[in-house]
Amino acid sequence: VGGVDVVLVCVAADDGVMPQTREHLHICKLLDIRSAVVAITKADLVDDEMLELAEADVRSTLEALGIEPSAVVRTAVTDGRGLPELRSALGALAAATPPRGASRRAWLPLDRVFSVKGAGTVVTGTLTRGSLTLGAPVYVATARGVRESACRGLEVHGRSVAAAEAPCRVAVNLARLEVGDVARGDVLTLEPELPLTARLDARLTAVAGAEKALDDGSPVTVHVGTTRVGARIVRIGAD
């Protein structure tokens, strides 16, 4: 989710907003993702009154969470209705979304590690900050310390590139590291002294109904990048 700026919300006309949709929208709010296009699907299965109710349902749900849809499109894959309008709405929202500010700190949490014959160790992940350059030195922060390497090769969606700018999916061919030296959850960076810690300070925001789950002493699972670890909350303030 680190590279997500906008969302496509799909709601079936014959179901309306379902609990899992609300859960995903709460996550969008927590991530401060406020831009969306709505596709009301299966419009061929209901009458106009049901379509109106489905649209009113999704609009009120989004409004309660502070998410403003740039378009709500009624669609049906059986006859193709609304699909050109949906493509246009997604393109317009993407064009209107400002690019992320440049960052000197590259941050690439690794989600896959494998070996390619003739190339060696390859890692993949979503570059959420900064940039990577072919041939440049890089460092992999692991639980056992920081390992030095270099970008022997870079690929974005299967295409070899000389540089990769966040946010994007990227594959990196690492020099001088074996597959066993890195693992999912490690972080590729440009900083040789990336600090490792067992504690972190965070501002917590609870979704409605889950406030007690964040009480002092509560057990939690902390997700950072592509790693997760069990932890316990120690409150240090009222906010």
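All figures in this text were calculated on a predicted structure; none of them were measured in a lab.

Caption draft 1: Fine view of the overall build of the chain. Scanning the chain for helices and strands turns up three helices and 14 strands. Counting only C-alpha atoms and orienting by the principal axes, one finds that the chain spans roughly 65 × 50 × 30 Å. Of the contacts made within the chain by residues no fewer than 6 positions apart, 64% connect residues no fewer than 24 positions apart. Element-wise, carbon and sulfur atoms account for 53% of the exposed surface of the chain, whose accessible area totals about 14,600 Å².

Caption draft 2: Layout of the pairing of strand β13 (residues 219–224). Examined bridge by bridge, β13 and strand β14 (residues 227–232) share six bridges and lie antiparallel to one another. In the sheet register, Thr-221 faces β14, and the bridge partner there is Gly-230. Taken together, β13 and the strand that follows it, β14, pair antiparallel across an intervening segment of two residues, in which Gly-225 is found at a positive phi of about 65°.

Caption draft 3: Examining the side chain of Thr-124 more closely. Here Thr-124 lies in strand β5 (residues 120–127). Engagement of the side chain of Thr-124 in a polar contact is seen with the side chain of Asp-111, the distance being 2.8 Å. With near-sequence residues (within four places) excluded, Thr-124 lies in contact with Pro-109, Leu-110, Asp-111, Arg-112, Phe-114, Arg-169, Val-170 and Ala-171.

Caption draft 4: Geometry of helix α2 (residues 48–64). Taking 1.5 Å per residue, 17 residues should reach 24 Å; α2 reaches 24 Å between its end C-alpha atoms and fits that length. Structurally, α2 contributes buried residues whose contacts are with β1 (6–12), α1 (19–30), β2 (35–41) and β3 (68–74). After α2 finishes, the residue Gly-66 shows a positive phi value of roughly 75°.

Caption draft 5: Fine view of unusual backbone geometry. Residue Pro-167 is reached from Ala-166 by a cis peptide bond, and omega for that bond is -5°. Its location among the elements puts Pro-167 in the loop between β10 (163–165) and β11 (168–174). Phi at His-157 is positive, roughly 50°, even though this residue is not glycine. Locating His-157 in the fold gives a position in the loop between β8 (145–156) and β9 (159–160). In this model, Arg-176 sits at a positive phi of 65°, which is unusual for a non-glycine residue. Of note, Arg-176 is situated in the loop between β11 and β12 (187–189).

Caption draft 6: Focus on the sheet that holds β3. Pairing is parallel across the open sheet formed by three strands, whose spatial order is β1-β2-β3. The open sheet has two free edges, formed respectively by β1 and β3, since each of these has just one partner strand. Averaged over neighbouring strand pairs, the angle between their axes works out to 20° when direction is ignored. Across six bridges, β2 lies against β3 in parallel orientation. Paired with Ile-40 across the bridge in β3 is Arg-74. Strands β1, β2 and β3 of the sheet are contacted by α2, whose axis makes an angle of about 165° with β3.

How each quantity is defined
- Residues numbered from 1 in each chain as written.
- Predicted model: local features only at pLDDT ≥ 70, side-chain atom pairs only at ≥ 80, totals over all residues.
- Heavy atoms only, no water.
- Helix = DSSP H or I, 4+ residues; strand = E, 2+ residues; numbered from the N terminus.
- Contact = heavy atoms within 4.5 Å.
- Areas by Shrake-Rupley, 256 points an atom, 1.4 Å probe, with all protein chains shown as cover.
- Pairing = 2+ DSSP bridges.
- Polar contact = N/O pair within 3.5 Å; in protein donor to acceptor, adjacent residues only side chain to side chain.
- Expected span 1.5 Å × (residues − 1).
- Axes fitted to C-alpha atoms, helices over the stretch in contact; angles between N-to-C directions.

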